[in-house]
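Residue-level structural notes
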Amino acid sequence: MKIGIIFGTRPEVIKVAPVYMKALEMGLEVRAIATAQHRQMMDMMLKVFNITPDYDMNIMTQNQSLNTVAAKVITYLDEYITKEKFDWIFVQGDTTTAMASAIAAFHRGAKVGHIEAGLRSGDLYDPFPEEMNRQVIDRVAELMFAPTEISAYNLESEGFSKERIKITGNTVVDALNFISEKFDLDKAREKVIDVRDYVLVTLHRRENWGTKMAAILEGIKRFSLEYNIPIVFPVHLNPKVREVVNPILKEYKNAILLEPVDYITFLSLLKGAKIVASDSGGVQEEAPSFSKYVVVCRNTTERPELIQSGFGTLAGTTAESVYKALVNGVSVNLTNLKNPFGDGNAAGKILNAII
Ligand code: UDP
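These lines cover the structure that appears in this document, whether it is placed above or below. Note that the structure is a prediction, hence the values are computed from the model and not measured.

Calculation notes
Residues numbered from 1 in each chain as written. Predicted model: local features only at pLDDT ≥ 70, side-chain atom pairs only at ≥ 80, totals over all residues. Heavy atoms only, no water. Helix = DSSP H or I, 4+ residues; strand = E, 2+ residues; numbered from the N terminus. Rg over C-alpha atoms; globule rule 2.2 N^0.38 Å. Buried < 20%, exposed > 50% of the residue type's maximum accessible area, 1.4 Å probe, protein only. Contact = heavy atoms within 4.5 Å. Areas by Shrake-Rupley, 256 points an atom, 1.4 Å probe, with all protein chains shown as cover. Lys, Arg positive; Asp, Glu negative; His and termini not counted. Charge placed at Lys NZ, Arg CZ, Asp CG, Glu CD. Pairing = 2+ DSSP bridges. Axes fitted to C-alpha atoms, helices over the stretch in contact; angles between N-to-C directions. Near = heavy atom within 4 Å. Polar contact = N/O pair within 3.5 Å; in protein donor to acceptor, adjacent residues only side chain to side chain. Nonpolar A, V, L, I, M, F, W, Y, C, P; charged D, E, K, R; others polar.

A look at the overall build of the protein
For the protein, the count of helices and strands is 15 helices and 13 strands. Radius of gyration (C-alpha) of the protein: 20 Å, near the 20 Å computed for a compact globule of 355 residues. Along the first, second and third principal axes, the C-alpha atoms of the protein reach 60 × 45 × 40 Å. The burial tally for the protein puts 57% of its 355 residues in the buried class. The long-range fraction of contacts in the protein, counting pairs at least 24 apart against all pairs at least 6 apart in sequence, stands at 67%. Surface accessibility of the protein: about 14800 Å² in total, with carbon and sulfur atoms responsible for 49%. Taking the average location of the 40 positive side-chain charges in the protein and that of its 43 negative ones, the two points are 2 Å from each other.

Overview of the sheet that holds strand β9 (residues 231-234)
With respect to topology, 6 strands assemble into an open sheet ordered β10-β9-β8-β11-β12-β13, the strand pairing being parallel. On the outer flanks of this sheet lie β10 (255-258) and β13 (312-314), each paired with one strand and no other. Strand-to-strand, the axes of this sheet are offset by a mean angle of 15°, without reference to chain direction. Here 5 bridges tie strand β8 (residues 198-202) to strand β11 (residues 273-278), and the two strands are oriented parallel to one another. From the neighbouring strand, L200 faces β11, where its bridge partner is V276. Helix α10 (residues 239-249) rests against β9 and β10 of the sheet, and its axis sits at about 150° to β10.

Quick word on the sheet that holds strand β6 (residues 143-146)
Pairing is parallel across the open sheet formed by 7 strands, whose spatial order is β3-β2-β1-β4-β5-β6-β7. Of all strands in the sheet, those with a lone pairing partner are β3 (55-56) and β7 (165-167), marking the two edges. Two strands pair when backbone bridges link them, and β6 and β7 are joined in this way by 3 bridges, in the parallel orientation. Bridged to F145 within β7 is K166.

Quick notes on the site of the ligand
Near the ligand, the surroundings consist of 15 residues, among which H204, V261, G281, G282 and E286 are the closest. Between the ligand and the protein, one listed contact pairs an oxygen atom with a side-chain N or O atom of H204 at 2.9 Å. Between G281 and the ligand, the recorded distance is 2.8 Å, taken from a backbone N or O atom to an oxygen atom. Taking 540 Å² as the accessible area of the ligand by itself, protein coverage stands at 94%. Broken down by secondary-structure element, the contributors of at least two residues to the shell around the ligand are α1 (10-25), α11 (263-271) and α12 (281-286). Here the shell around the ligand is built from residues that sort into 8 nonpolar, 4 polar and 3 charged.

The structure is reproduced here in structure tokens:
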């Protein structure tokens, strides 16, 4: 049995790394296939997990469109599948890399395994294009690895048969356990910042670019000023993000703006935070493992588990709503809450399901 594992962006590497490493440990025949949809941030993550791609499409160009990415991924993967005769192609999450790879595999008769299946925001355009990507991938997947009962329920409600759905937990918990065991996170944090108990910020979603992101940042800044809590923000490389962040935060002296940091450093920043404000999917899933509360700066979420478990709130995207959510969130007691995203054994469950 031969497996090809696909990744192209930072979060995909984090979430497929445990499956790839476990497959090697189990002696399975597996190939790591990079699209490099986000070249720099993907490479940064590969270094952390010590993974060298067997294939690298190297597709990234400046101002790339979703259609060019999809077209290139389908073309390259078609070639690799024909050559390697993969039985399984594993894709993760909801990127254009994952969606196009699933289509290419389906066309060539390779079975698709969807890691992190069944997430739904309920709005086809938010997040864009991810909500569409998820649905397309699930349509063509032979097996859907749902991280939680809610995601499995979403799939069953769409009519998928139970046999094709496996509840595994989210592989992000496997990844962060691996890093936390291997590295001293407090030391890693001290290498980049000398503060603690800050609001950790990450923002990058396409739907928030422009005025929404500006409003979110104004809300965070007001909270920081009034409560004298520093802001720590590794700023996404996308120029659309930077053009909003810099005018609002660059001159503010209680904000530490960083370049994107590697995964070890990011987890160390999470560990040292008082509270988190983010529109990232991965960060919502990581925060409960470190007992941190997340103010989700979005209007929808496909991770209701975060809110139901008490580890976060859906704050919307206005300055006022984000500010209020931070004020409320900072005093929430998180002891005794249960992490809804799994026990760190997702990779083994996924591979056992195909064996
Ligand atoms: N992350 C990181 N360095 C950073 C910012 C984020 O390693 O400077 C990690 C973070 O831990 C999370 C993932 O990148 O697992 C999130 O990526 P992103 O927010 O780009 O994508 P999303 O999760 O929203 O798909």
